[in-house]
Amino acid sequence: MALKTPLYDSHVEWRGRMVDFAGFMMPVSFEGIVAEHERVRSQVGFFDVSHMGEIEITGPAAEEFADYVVSNRVKKMVPGQICYTVCCNDGGHVLDDLLVYKHSAERVLMVVNAVNTKKIFKHLSALRRDGVRVDNRSGQIGQIAVQGPASRDLLLESEFCAPVREALRNLEYYRFLTFDYRGGEVILSRTGYTGELGYEIYLQAEKAGAVWDELLEGGRERGAAPIGLGARDTLRFEPAYCLYGHELDESISPLEAGLSWVVKLKKGDFIGREALLVEKENGPERKLIGLELKDRGIPRQGFPVLQEGKEVGRVTSGTFSPTLRKALALALVKRSLPQEAGGLAVDIRGKGVPAQRIPIPFYQSHVND
Amino acid sequence: MFPEECKYTKEHEWVFVEGDTAVIGISDYATGELGDIVYIELPDEGSQVHQMDPIGTIEAVKTVAELFSPVTGEIVEVNEAIIANPEIVNKDPYEEGWFIKVKLTDPEELDVLFSHEEYAEFLGEQEE
């Protein structure tokens, strides 16, 4: 059985192609992945991300607990700040990548991937100690992402954001504010998964439809339209943001996936720290690199990466990049593969298609615009 | 949505016969399922193909599909325009977006393909 998000009816009305994703009926595309991708890069697009999980940690020891279960520093954050982080198992492998919103030392919100909501809720519930409450609020919260260069102006012009207009104008990347909307709390954060200026709105599920319609309607002149999961993936791929199940999973360490910047080994104890310390000492086995195909073909997840005919790794994500008009891949390869390694290829259904290593991110993000 | 004068396959290719030559492409349903096509690989002119052999690859942003030959014969023309600009297939799958032309060896093979009516019925079942 697939669940419907509070915005399901809107997707059908907009003639979205619906697919089952992590147990939710989600739109994979509307007008076409490339057109939607370009809309977000040049104008503004709306994403239904209500399938994401929201787990709230509250109580006197909330901050302490959050700091112990994720790799980034939660204690050091100020109220209103957000961090990107991973939640590891004891082996230092990734259970999920997530955002942590710090309301206060006593209230922290974790936003997790839809596929992992149950797993992370169980994991956190099992670790729960005195002074900590762990609540899965996923079913009650709707989430809308408004992404693209016109996103700020669109929101500033809206009635919905009127109570926080000035604060929104000055809201910095990875910060959030809260306000009341018709008796329910709204979280408005400057975050996203596209590499563009953008915002994410969390609100009571039953109010999500009205807000979605109002903002989308108000933004029509700025080019606002709904965007499906297909473009969400190509948009995150170009700035090389990790996607759970691709660049991250329970067999991959954050150090391999290029996320050492969210692993704070000096902050004190946290789950997975010991394993990660050892791994850092010895050097991770693999590294995440970017590849550009030099011949025709599209690299896909799981395709072998070859050097002089020998397998040196696997593609984790690959697609035709709508912005760069090239076939590109992210791949996890042996760390010993030299920086300037030549003779690279991707095995596409038995055919070695020549590839060249190129720097990631493929696309320089505009999140600070 | 799709031309009445064509024959169709379960794999969503269409075939239009002009004399002893079959023009082959993929249906509007197929382009819708695939989404934006970004890369097409086809056999060379002069190649021999057999009915229901995989003969090419259609890569879209999110997915990949094989092209099957609905007929047996020799490829007499390949649409170079769609190789250079695959989006033509999304825009115009039945005219500008044709794939190959095959000189038929055995026109009787066409009988096993779907008629327009049968394909419509088949698509109806797919939707259910």
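Rules and cut-offs
- Residues numbered from 1 in each chain as written.
- Chains lettered and ligands numbered in written order.
- Predicted model: local features only at pLDDT ≥ 70, side-chain atom pairs only at ≥ 80, totals over all residues.
- Heavy atoms only, no water.
- Domains from an automatic or database assignment.
- Contact = heavy atoms within 4.5 Å.
- Buried area = accessible area lost by both parts, 1.4 Å probe.
- Core = buried A, V, L, I, M, F, W, Y, C linked by side-chain atoms within 4.5 Å.
- Buried < 20%, exposed > 50% of the residue type's maximum accessible area, 1.4 Å probe, protein only.
- Helix = DSSP H or I, 4+ residues; strand = E, 2+ residues; numbered from the N terminus.
- Patch = residues over 30% accessible without salt bridge, like charges linked within 9 Å, V, L, I, M, F, W, Y side chains within 5 Å.
- Areas by Shrake-Rupley, 256 points an atom, 1.4 Å probe, with all protein chains shown as cover.
- Salt bridge = Lys/Arg side-chain N within 4 Å of Asp/Glu carboxyl O.
- Lys, Arg positive; Asp, Glu negative; His and termini not counted.
- Charge placed at Lys NZ, Arg CZ, Asp CG, Glu CD.
- Polar contact = N/O pair within 3.5 Å; in protein donor to acceptor, adjacent residues only side chain to side chain.
- Nonpolar A, V, L, I, M, F, W, Y, C, P; charged D, E, K, R; others polar.
- Pairing = 2+ DSSP bridges.

Describe the domain arrangement of chain A, and please don't skip the residues or the numbers.
Residue and element names in this part refer to chain A. By the assigned domains, chain A splits into domain 1 (3–51 + 139–237) and domain 2 (285–369). Taking only C-alpha atoms, the centre of domain 1 and the centre of domain 2 are 31 Å apart. Listed by partner, the interface residues are 13 residues for domain 1 and 16 residues for domain 2. Note on domain 1 versus domain 2: buried area summed over both sides is about 1200 Å², and carbon and sulfur give 59% of it.

Go over the nonpolar core with me, naming the residues and quoting the values.
Residue and element names in this part refer to chain A. Within the largest apolar cluster, 67 residues are counted, with the highest numbers of intra-cluster contacts made by Y84, Y101, L248, L259, L291 and V346. Broken down by element, this core gets its largest block of residues, seven residues, from strand β18 (residues 326–334). In terms of domain composition, this core takes at least three residues from each of domain 1 (3–51 + 139–237) and domain 2 (285–369). If near-sequence neighbours (up to four positions away) are discounted, V346 is found in contact with L291, L293, P299, F303, P304, V315, K351, G352, V353 and A355. Residues I144, L168, I201 and L216 belong to the second largest nonpolar core, which totals 29 residues.

Please provide a residue-by-residue account of a negative patch on the surface, values included.
Together, B:E4, B:E5, B:E95 and B:E96 make up a region of like negative charge exposed at the surface. Locating B:E95 in the fold gives a position in the loop between α3 (87–91) and β9 (100–104).

Account for the interface of chain B and chain A, with residues named and values stated.
Listed per partner, the contact involves 15 residues of chain B and 17 residues of chain A. Across the chain B to chain A interface the summed buried area is about 1300 Å²; carbon plus sulfur atoms make up 47%. Together, B:Y39, B:V61 and B:K62 form the three largest contributors to the area buried by chain B at its contact with chain A, with a combined 42%. A salt bridge links B:E41 to A:K351; the nearest nitrogen and oxygen atoms lie 3.1 Å apart. The interface formed by chain B and chain A contains 13 residue pairs in polar contact (both at pLDDT 80 or more). With four residues, the top contributor of residues to the side of chain B that touches chain A is strand β4 (residues 37–41) of chain B. Its residues placed into classes, the side of chain B that touches chain A shows seven nonpolar, three polar and five charged.

With reference to specific residues and values, describe the pairing of strand β16 (residues 304–307) of chain A.
Residues and elements named next belong to chain A. The pairing of β16 with strand β17 (residues 310–321) spans four bridges and is antiparallel. Looking at β17, one finds that L306 is bridged to E311. In this structure, the hairpin formed by β16 and β17 is closed by a connection of two residues, where E308 is found at a positive phi of approximately 50 degrees. As judged from the three bridges shared by β16 and strand β19 (residues 344–348), these two strands associate in the antiparallel manner. Bridging across to β19, L306 finds its partner in A345.

How would you summarise the sheet that holds strand β2 (residues 13–18) of chain B if you had to cite specific residues and measurements?
Residues and elements named next belong to chain B. Reading across the sheet, the six strands line up as β1-β2-β3-β9-β8-β5 and stay open at both edges, with antiparallel pairing between neighbours. With one partner strand each, in any of the chains shown, β1 (7–8) and β5 (48–49) form the two edges of the open sheet. Bridge count for β2 against strand β3 (residues 21–26) is six bridges, and the pairing is antiparallel. The residue of β3 that forms the bridge with W14 is G25.

Lay out the pairing of strand β8 (residues 73–78) of chain B in plain terms, naming residues and giving numbers.
Residue and element names in this part refer to chain B. In this sheet, β8 lies alongside β5 in antiparallel orientation, the contact comprising two bridges. Bridging across to β8, V49 finds its partner in G73. Where β8 meets β9, five bridges bridge the pair, whose relative direction is antiparallel. Of the residues in β9, the one forming a bridge with E74 is K103.

Break down the side chain of A:E63 for me, with residues and values.
Along the chain, A:E63 falls in helix α3 (residues 62–69). For A:E63, the residues in contact, after removing those within four places along its chain, are A:V74, A:K75, A:K102, A:A105 and A:V108.

Please give an account of the pattern of salt bridges that cites residues and values.
It is possible for side chains of opposite charge to pair when their charged atoms get near one another. Residue and element names in this part refer to chain A. Considering all chains together, one arrives at 27 salt bridges over all chains under this definition. One salt bridge in this structure joins E31 and R39, with 2.8 Å as the shortest N-O distance. The exposure class of E31 is partly exposed, given its relative accessible area of 44%. Taking the relative accessible area as the measure of exposure, R39 reaches 18% and is therefore buried.

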